[in-house]
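Read off the chains here:
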Amino acid sequence: MKTPASLCLVGILLVGCATTRPVQSWQNTGDPIADGKAAVENGPKRDRVLWEYRTAAAAMRRGQFTDAKQLMDDVVVTLGGIYGPDREAKRARGYSSPEARKTFIGEPYERVMAYYYRGILYWIDGEPDNARACFRSGQIMDSDTENKTYSSDYVLLDYLDGLASAKLGGDGSDALKRAEAEARLTKPPPCAPKANVLFFAEFGNGPTKYATGQYAEELRFLPGNSAVRSLRIKVGDETLRADPYDDLTFQATTRGGRVMDHILANKAVFKSATDTAGTAAIISGAILAGQQGRHSAADEVGVGLLAAGVIGKIFSAATTPAADTRAWDNLPQYLSFASTHLTPGPHSVTVEFLDGGGSPLANLTRTVTINVSDPPRDTIIFVSDKNQ
C-alpha cells in the first residue's frame, strides 16, 4: 500500500517539463534593418524591445530616421508601461522564471540610450522641447528615484538639457552646472544657444555582458573599446573638436559613480537554501524509513521527509537565478557633441575620426554637404564611426 506521502512523491517524479528549442520563422538577409524588423515582428515577444533597440541604432547610422522613430516610439511606450500591471511581467518575476525569459528592457545604461536617441530624433524634427523631455527621462532611468541613493551622472544628458532650455528661452544653468561637475573625460563646451548646427557624435563599441557565480547569477561587463578617441570637424575656416563626454562602459558598471556588480541575490539565495534543505530532508527521511519496520509512524515520517526533500530539490532545480546576458550589442563606447553657427544654405563638412595620438584613422574621414535650415530650426547632424 502506498502512503499519501509516497503517492505525492511518485506524482512529483512523474511530472516533467517539455522544452523545445525555438525555431526562427524568418530568413536573415544580411541587412541589419530588414532582419531587425523581421525579428521585431516574428521573434519572441520578450525580445521585441531588444530588437527595436538594435534596429533603431542601425537605422540612425544609415540616416533612416523615420524607421528609427517608429521603433523608438514603441520602445518608449513599453518602457513607460513596463512597471504596470502586466500579467506576463508579473509572472516572469517569480523565482522559477529565468531572467532571459522576462520582457527585455535592458540595464539602465541601455534604457538611457533609448531616450537619448529618441531625443536626437525629436531635435531633428525641430522639437527641442520634446528632445529635452527625453533627455530628462534618460536622467531618470539612470537615477534612483525611490531610495535617492544615487543620481544620474551622464554629462551629455545634463548638457543637452541645459542647452535646450536656453534655446527655448528658459534657464538651463542648473543642468549645465551639473554637466560640468560630472565631467570625468572632458568638460563640455560653454553653452551656445545661438548655435544652429548641432553634431551628435558617437564612436567605438560599447560594453558586453557575461555571467559569473555559482549559478551564473552575477551579471558583469566586458569593457567596450574604441580606436577612435575624438573627432575633428571642419566647416569652412572653422575647426571643431568633439571629445568624449560619456563612456558607456563606465555607465554600465557604476551607479552614481560607484562601481557595482549586478547580483540576483534573492534567487541565488533561494536556490542554495532550497537545495540544501532538500538534501537534508532526503538524508533524514532515508535514515528514518530504513530504521523502522514497515508501516510504522517513523516510516511514514521518513517517506514524508523524502518527498519533501525531493520537492525541495525540484524547486531548487526550477529556480533559475542565471543573469540575463541579452544585450543591446551595437551601442557605442563614447558619446560626444559639438555645435556651431552657420548661415542658412549648403555647407561642406569634413569629419575626421582621430586616434589617441590625434591622427586621422584611415578610411573613416568623410566629407558631406549639409543644408543648414532657416531659423529658428536647428540643423542636426548625427555622426558615427559606423555611419553607412
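As the structure is a prediction and not an experimental result, all values here were calculated from the model.

Definitions and limits used
- Residues numbered from 1 in each chain as written.
- Predicted model: local features only at pLDDT ≥ 70, side-chain atom pairs only at ≥ 80, totals over all residues.
- Heavy atoms only, no water.
- Helix = DSSP H or I, 4+ residues; strand = E, 2+ residues; numbered from the N terminus.
- Buried < 20%, exposed > 50% of the residue type's maximum accessible area, 1.4 Å probe, protein only.
- Areas by Shrake-Rupley, 256 points an atom, 1.4 Å probe, with all protein chains shown as cover.
- Contact = heavy atoms within 4.5 Å.
- Salt bridge = Lys/Arg side-chain N within 4 Å of Asp/Glu carboxyl O.
- Phe/Tyr/Trp six-rings, centres within 6.5 Å; stacked < 30°, edge-to-face > 60°.
- Lys NZ or Arg CZ within 6 Å of the ring centre and 35° of its normal.
- Axes fitted to C-alpha atoms, helices over the stretch in contact; angles between N-to-C directions.
- Parallel < 35°, antiparallel > 145°, perpendicular 65-115°, else oblique.
- Left-handed = near helix turned anticlockwise from the far one by under 90°.
- Nonpolar A, V, L, I, M, F, W, Y, C, P; charged D, E, K, R; others polar.
- Pairing = 2+ DSSP bridges.
- Expected span 1.5 Å × (residues − 1).
- pLDDT = per-residue confidence, 0-100.
- Core = buried A, V, L, I, M, F, W, Y, C linked by side-chain atoms within 4.5 Å.

**Q** Explain the overall build of the protein here, please?
**A** A count of helices and strands for the protein gives 12 helices and 13 strands. For the protein, the residues scored as buried account for 47% of the 388 residues in total. In the form shown here, the protein has an accessible surface area of approximately 19,200 Å², with 54% of it arising from carbon and sulfur atoms.

**Q** How should I be thinking about the environment of F199 in this particular structure?
**A** Relative to the helices and strands, F199 resides in strand β1 (residues 197-203). Linking F199 and S339, residues 140 residues apart in sequence, is a C-alpha distance of 5.9 Å. Beyond its immediate stretch of four places on either side in the chain, F199 contacts I233, V235, L240, S336, F337, A338, T340, V349, I381 and V383.

**Q** Explanation requested: the pattern of salt bridges in the structure shown.
**A** Oppositely charged side chains are able to pair whenever their charged atoms sit close together. Under the definition given, this model contains 20 salt bridges. Of the charged contacts in the structure, one is a salt bridge between R48 and E52, with a shortest N-O distance of 3.3 Å. Note that R48 and E52 are positioned in helix α3 (residues 48-62) at a spacing of four residues, about one turn of the helix. A relative accessible area of 28% places R48 in the partly exposed class. Its relative accessible area of 2% is what places E52 among the buried residues. In this structure, the salt-bridge partner of D243 is R241, at a minimum N-O distance of 2.9 Å. Within the structure, one salt-bridge network assembled from shared partners comprises D47, D324 and R326.

**Q** I tried to follow the packing of aromatic side chains on my own but got confused; where do I start?
**A** Ring pairs (aromatic) are described by centroid distance and by the angle formed between their planes. Per the stated rule, a full pass over the model turns up 13 aromatic pairs. Between Y116 and Y117, the aromatic rings sit 5.8 Å apart at their centres with planes inclined by 45°, giving tilted as the arrangement. Exposure remark for Y116: the relative accessible area of 2% places this residue in the buried category. On the basis of relative accessibility, which here comes to 1%, the residue Y117 falls in the buried class. Centroid distance Y117 to F382: 6.2 Å. Interplanar angle 75°. Geometry classified as edge-to-face. Of this pair, Y117 sits in helix α6 (residues 108-124) while F382 sits in strand β13 (residues 379-384), placing them 265 residues apart in sequence. As far as the burial class goes, Y117 and F382 line up, both buried. Three or more aromatic residues joined by ring pairs make a cluster, and in this case those are Y53, F104, Y116, Y117, W123, F135, Y159, F200, W328, F337 and F382. The side chain of R54 reaches across the aromatic face of W51, ending 4.8 Å from its centre. Over the ring of Y122 we find R118; its NZ or CZ atom is 3.7 Å from the centre of that ring.

**Q** Could you clarify how one ought to interpret the packing of α3 against helix α4 (residues 65-81) in this entry?
**A** Look at α3 against α4: their axes get within 8 Å of each other, and the N-to-C directions meet at 150°. Judged by the angle between their axes, α3 and α4 are roughly antiparallel. In terms of crossing hand, the pair formed by α3 and α4 is left-handed. From α3, R48, V49, E52, Y53, T55, A56, A59 and M60 reach across to α4, where they touch F65, D67, A68, L71, M72, D74, V75, T78 and L79. Grouping the amino acids of the contact of α3 with α4 by side-chain chemistry returns 11 nonpolar, two polar and four charged.

**Q** Which parts of the structure should I look at to understand the pairing of strand β10 (residues 334-340)?
**A** The two faces of a sheet get side chains in turn, since along a regular strand they alternate between them. Counting buried residues along β10, six of its seven residues qualify, which places the element largely inside the surrounding structure. Relative to β10, β1 runs antiparallel, the two sharing seven bridges. Bridging across to β10, L198 finds its partner in S339. Summarising the sheet, strand β6 (residues 246-247) and β10 pair through two bridges and their orientation is antiparallel. Following the sheet pairing, D246 is matched in β10 by L335.

**Q** How should the sheet that holds β10 be read in this particular structure?
**A** Think of a sheet as strands paired side by side through backbone hydrogen bonds, with each pair either parallel or antiparallel. Strand order in the open sheet made by the four strands is β6-β10-β1-β13, with mixed pairing throughout. Edge positions in the open sheet fall to β6 and β13, since each of these has one partner strand only.

**Q** What is the right way to look at α6 in this model?
**A** At 3.6 residues per turn, the α-helix brings residues three or four places apart onto the same side. Spanning 17 residues, α6 covers 25 Å between terminal C-alpha atoms, matching the ideal 24 Å at 1.5 Å per step. Burial within α6 is extensive, with 16 of its 17 residues counted as buried.

**Q** What should I look at first to understand the confidence of the model for the protein in this one?
**A** Note: predicted coordinates in regions of low pLDDT should not be interpreted at a detailed level. Of the residues in the protein, 70% have a pLDDT of 70 or more, and the chain-wide mean is 80. Per-element confidence in the protein ranges from a low mean pLDDT of 40 for helix α1 (residues 4-14) to a high of 98 for β1.

**Q** Quick question: what am I supposed to make of the nonpolar core here?
**A** Within soluble globular proteins, side chains that are nonpolar tend to cluster in buried spots. Counting residues in each nonpolar core, the largest one holds 56 residues, and the members touching the most others are Y116, Y117, W123 and F200. Counting residues per element, this core draws most heavily on α6, at 11 residues. Look past the residues within four positions of Y116 in its chain and what remains in contact with it is F135, L156, L157, L160, F200, L335 and S336. V197, F203, V228 and A338 belong to the second-largest nonpolar core, a separate cluster that totals 21 residues.

**Q** Explain the packing of α4 against α6 to me, please; I cannot follow it from the model alone.
**A** One can describe the packing of α4 onto α6 by two numbers: an axis separation of 10 Å at closest approach and a directional angle of 135°. With respect to their mutual orientation, α4 and α6 come out oblique. Seen along the crossing, α4 lies across α6 with a hand that is left-handed. Between α4 and α6, the residues in contact are F65, A68, K69, M72, D73, V75, V76, L79 and G80 and R111, A114, Y115, Y117, R118, L121 and I124, respectively. Of the residues contributing to the contact of α4 with α6, the split by class is 11 nonpolar, one polar and four charged.

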